[in-house]
Amino acid sequence: MRREPPQRLSDYGPLLFPAGMLTLFFVVPFATMIAVSFFQRQQGGFYTPAFVFDNYARFLSLFFGKVLGFSLFLAIAVAIACVVIGIPFTYLLSRSRRSLQIVWLVALLSILSLSEVMIGFAWSTLFSRTAGITNLFVWLGLMEQAQALTPSFGAVMTAMTYQAFPYTVLVLYPALVRLDPTLTEAARTLGASPVKAFFTVVVPALRNTILATLIMVFIFALGSYLLPQLLGRPQHWTLSVLITDQAIYQSNMPFAAAMAVFLVMVSLALVGLSLYAGQQRQAK
Amino acid sequence: MTVLRRLFFFAVGLFLALPLIVVAGVSVNQRQTLAFPPQGFSLSWYGQIFTNAEWRNALIASLTLAAASALLALLIALPLAWFLWRRIAPWANIFQLLGVAPFTLPPVITALGLLTFWATTGLYGQPWTAVISHGIFFVTLPLVTLSLGFSAIDRSLVEAAATMGADDRTVFRTVVLPLILPYLVSGYAFAFVLSLNEYIVAYMTVGFTMETLPIKIFNALRYGYTPTMASVTVLFLLVAAVIFGLVARFGDLPKLLGAMAEDK
């Protein structure tokens with residue numbers, strides 16, 4: 001059966017349910033959110049239809065600028081940490097035995113799917129005073145006495161890297177599996193050490209992949225909404241946390257919606273950039 | 001080099017395993033204290049998940065939500081993926097894009113969109129709204145695995161069936177469905193596991209009327225510590241590992257993942 005354009009109206013039948021569901025429960029909610037972002041907030045958590053830019057104007061405050069700056073900085077730091085560890089790791093993984101690869105992939109998928117609540121809980125336990133890693137340091141004689149390592153920037157950063165690392169590996173994996181092995185073999189034959197071959201042949205060949213991965217992980221990290229809350233201080237809150245906070249606890253839906261619209265625009269711009277990088281890769 | 005490689009793998013493995021080891025450790029503490037290494041040994045905190053009414057209800061809510069929403073995601077993805085494979089209709093790709101979007105954007109955006117939508121329609125808080133919300137949020141996973149499954153079908157097989165007089169319906173039932181079944185199952189499995197663990201969308205849609213396990217853990221975290229959080233985390237990790245292990249056992253996991261990222 002060849003692919004053919006739909007001939008009769010009934011040929012469109014199968015599309016009806018998926019298209020209807022996606023339109024009604026994704027496009028319409030999205031449009032609702034955009035509409036609400038222009039609404040006027042009332043006292044007591046309600047809002048009335050209006051067309052005001054007040055919610056967007058609040059972006060121009062110093063507080064918001066700080067949150068935005070910190071969110072971007074944190075996401076970039078996490079993306080760089082993940083990619084720097086992820087590239088050599090995925091490269092070595094893609095060159096390992098198949099059975100070993102599968103074990104790692106199952107483990108990475110399991111951690112990736114682990115709820116952010118549970119990751120936050122696990123790290124807060126590991127960084128706690130009574131059950132934490134510092135007890136090990138005391139036992140080893142590295143520290144005088146056990147102490148809590150949260151809340152701190154380091155804790156937020158570590159847990160977010162933990163959360164994004166499996167994602168990074170899974171994004172890099174297909175590109176590295178397909179990487180032509182003769183490339184490194186040629187370098188080795190010409191006398192380069194494995195490490196040198198990796199940095200002079202593999203990394204340059206993957207330049208666009210690396211850029212695209214950085215952007216993907218950056219967006220992923222931008223979406224982290226619980227870890228900064230559970231492991232950090234209020235000054236470590238990100239845009240995602242602030243949106244949740246405004247929507248649920250401050251009941252300021254219009255402002256939350258305006259921030260979400262802003263976050264969408266940042267993300268979309270970056271997705272576009274990563275697609276562009278991907279196309280450059282194919283063009284080569 | 002092999003030593004260096006082993007060491008590197010070990011270091012990454014340790015980083016990934018360390019928090020989970022500590023959580024597994026505190027989950028078997030005898031008393032309700034946060035202590036590691038565990039003091040005494042007890043599996044009672046695992047029993048708590050099933051015997052304590054609050055935790056059991058959260059578990060049932062989570063499992064029901066995951067089973068139903070993964071099914072809904074599959075029901076949306078299957079006809080769409082089939083249509084895109086069977087027909088030449090470039091404009092229909094917009095729905096493929098819509099299906100992938102919720103998963104690519106930061107989750108808080110989809111969550112807030114659905115929250116404003118359910119609040120505006122006055123349906124906010126109904127348990128079934130969470131099923132629809134998760135079904136839409138996770139439609140990406142079966143959509144991607146199914147697109148991959150369809151693209152792997154040898155078209156000459158289908159052609160042969162059609163030449164012998166089979167119509168679309170018969171071809172689908174006798175040729176296409178058996179071929180894409182592994183992709184159908186893995187798509188469902190991915191959506192199921194992720195829905196089980198999902199927090200923000202569930203919280204924003206039904207957070208005040210229904211408690212799923214992640215919501216329950218988050219609420220419990222704010223009031224202090226109970227080892228049941230740890231035992232639930234271990235349980236969920238095992239469930240995910242078993243399900244993904246089965247997908248790997250009966251399917252081609254490297255291929256599945258290779259193409260998944262390709263599609264993004």
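Bear in mind that the values here come from a model prediction, so they are computed numbers and not experimental data.

Novice: Can you break down the overall build of chain A residue by residue, with the values?
Specialist: Scanning chain A for helices and strands turns up 13 helices and 2 strands. Computed over the C-alpha atoms, the radius of gyration of chain A is 24 Å, more than 25% above the 19 Å expected from 2.2 N^0.38 for a compact globule of 284 residues. Sequence-distant contacts in chain A: of pairs separated by 6 or more residues, those separated by 24 or more amount to 68%.

Novice: Lay out the overall build of chain B with the relevant residues and their values.
Specialist: From N to C terminus, chain B includes 13 helices and 0 strands. Taking the principal axes of its C-alpha atoms as reference, chain B extends roughly 70 × 60 × 30 Å. When burial is assessed residue by residue, chain B has 49% of its 264 residues classed as buried. Once local pairs closer than 6 in sequence are excluded, the contacts in chain B between residues at least 24 apart make up 72%.

Novice: An account of the confidence of the model for chain B is needed here, citing residue identities and associated values.
Specialist: All names here are of chain B. Mean pLDDT over chain B stands at 87; residues scoring 70 or higher make up 97%. Predicted confidence in chain B is weakest over helix H13 (residues 253-263), with a mean pLDDT of 63, and strongest over helix H6 (residues 127-137), with 94. With pLDDT under 50 throughout, residues 259-264 is counted as low confidence; its partners more than four residues away or in other chains account for 10 contacts. Overall fold confidence for the complex sits at a pTM of 0.88, while the interface term, ipTM, reaches 0.86.

Novice: Lay out the nonpolar core with the relevant residues and their values.
Specialist: Residues Val78, Val217, Ala221 and Ala260 of chain A together with Ala73, Ala77 and Leu112 of chain B are the most contacted members of the largest nonpolar core, which totals 173 residues. Among the elements that take part in this core, helix H3 (residues 53-86) of chain B stands out by supplying 18 residues, more than any other. Not counting residues up to four positions away in its chain, the partners in contact with alanine 77 of chain B are Gly99, Val139, Pro142, Leu143, Leu146 and Gly187 of chain B.

Novice: With reference to specific residues and values, describe the environment of serine 69 of chain B.
Specialist: All names here are of chain B. Here serine 69 shows up in helix H3. Residue serine 69 is classed as buried on the basis of its 29 C-beta neighbours within 10 Å. The sequence separation of serine 69 and leucine 148 amounts to 79 residues, and the corresponding C-alpha distance is 21 Å. Ignoring any residue separated from it by four or fewer positions in sequence, one finds serine 69 in contact with Val131, His134, Gly135, Phe138 and Ser195.

Novice: Could you give me a rundown of the interface of chain B and chain A, with the residues and numbers involved?
Specialist: Listed as interface residues are 72 residues of chain B and, on the opposing side, 71 residues of chain A. Looking at the side of chain B that touches chain A residue by residue, the classes come out as 58 nonpolar, 9 polar and 5 charged.

Novice: Describe the packing of helix H3 (residues 62-94) of chain A against helix H7 (residues 153-178) of chain A, with residues and values.
Specialist: All names here are of chain A. It is the contact of H3 with H7, at a shortest axis distance of 7 Å, that shows an interaxial angle of 45°. By the angle class used here, H3 and H7 are oblique. Relative to H7, H3 is oriented so that their crossing is right-handed. Residues Ala77, Val78, Ala81, Cys82, Val83, Ile85, Gly86, Ile87, Phe89, Thr90, Tyr91 and Ser94 of H3 form the contact with H7, whose participating residues are Met157, Met160, Thr161, Ala164, Phe165, Thr168, Val169, Leu172, Tyr173, Leu176 and Val177. Here the contact of H3 with H7 is composed, by residue class, of 18 nonpolar, 5 polar and no charged.

Novice: Break down unusual backbone geometry for me, citing the residues and quoting the values.
Specialist: Residues and elements named next belong to chain A. One non-glycine residue, serine 251, adopts positive backbone phi at about 50°. By secondary structure assignment, the location of serine 251 is in the loop between helix H12 (239-249) and helix H13 (253-283). Of the residues examined, serine 251 has 14 C-beta atoms within 10 Å and is grouped as partly exposed.

Novice: Please set out the environment of threonine 158 of chain A residue by residue, giving values where relevant.
Specialist: Residue and element names in this part refer to chain A. Among the secondary structure elements, threonine 158 is positioned in helix H7. Of the residues examined, threonine 158 has 22 C-beta atoms within 10 Å and is grouped as buried. Residues threonine 158 and proline 228, spaced 70 residues apart in sequence, show a C-alpha to C-alpha distance of 11 Å.

Novice: Hey, could you go over helix H4 (residues 98-113) of chain A for me, with residue numbers and the actual values?
Specialist: Each α-helix winds once per 3.6 residues, and so residues spaced three or four apart point in a common direction. Taking 1.5 Å per residue as the helical rise, H4 of chain A with its 16 residues ought to reach 22 Å, and the 22 Å between its terminal C-alpha atoms agrees with that figure. Within H4 of chain A, the full set of buried residues consists of Trp104, Leu105, Val106, Ala107, Leu108, Leu109, Ser110, Ile111, Leu112 and Ser113 of chain A.

Novice: How would you sum up the environment of alanine 161 of chain B? Please name residues and give values.
Specialist: Position of alanine 161 of chain B among the secondary structure elements: in helix H8 (residues 155-163). Beyond its immediate sequence surroundings of up to four residues, alanine 161 of chain B is in contact with Ala166, Val171, Thr174 and Val175 of chain B.

Novice: Describe in detail the packing of H3 of chain B against helix H9 (residues 168-197) of chain B, supporting the description with residues and values.
Specialist: Residue and element names in this part refer to chain B. Two numbers describe how H3 lies on H9: the axes approach to 8 Å, and their chain directions differ by 140°. Here H3 is positioned oblique relative to H9, judged by the angle of their axes. In this structure, H3 meets H9 at a crossing whose hand is right-handed. Contacts between H3 and H9 involve Ser62, Leu65, Ala66, Ala67, Ser69, Ala70, Ala73, Leu74 and Ala77 from the first element and Leu184, Gly187, Tyr188, Ala191, Phe192, Ser195 and Leu196 from the second. Grouping the amino acids of the contact of H3 with H9 by side-chain chemistry returns 12 nonpolar, 4 polar and no charged.

Novice: An account of H12 of chain A is requested, with residue identities and associated values reported.
Specialist: All names here are of chain A. Of all the 11 residues making up H12, 8 are buried; the element is thus mostly covered by neighbouring parts of the structure. Within the span of H12, buried status applies to Leu239, Ser240, Val241, Leu242, Ile243, Thr244, Gln246 and Ala247. The positive-phi residue at the C-terminal boundary of H12 is serine 251, with phi of around 50°.

Conventions adopted
Residues numbered from 1 in each chain as written. Chains lettered and ligands numbered in written order. Predicted model: local features only at pLDDT ≥ 70, side-chain atom pairs only at ≥ 80, totals over all residues. Helix = DSSP H or I, 4+ residues; strand = E, 2+ residues; numbered from the N terminus. Rg over C-alpha atoms; globule rule 2.2 N^0.38 Å. Contact = placed C-beta atoms within 7 Å. Buried ≥ 20, exposed ≤ 12 C-beta atoms within 10 Å, placed from the backbone. pLDDT = per-residue confidence, 0-100. Core = buried A, V, L, I, M, F, W, Y, C linked by C-beta atoms within 7 Å. Nonpolar A, V, L, I, M, F, W, Y, C, P; charged D, E, K, R; others polar. Axes fitted to C-alpha atoms, helices over the stretch in contact; angles between N-to-C directions. Parallel < 35°, antiparallel > 145°, perpendicular 65-115°, else oblique. Left-handed = near helix turned anticlockwise from the far one by under 90°. Expected span 1.5 Å × (residues − 1).

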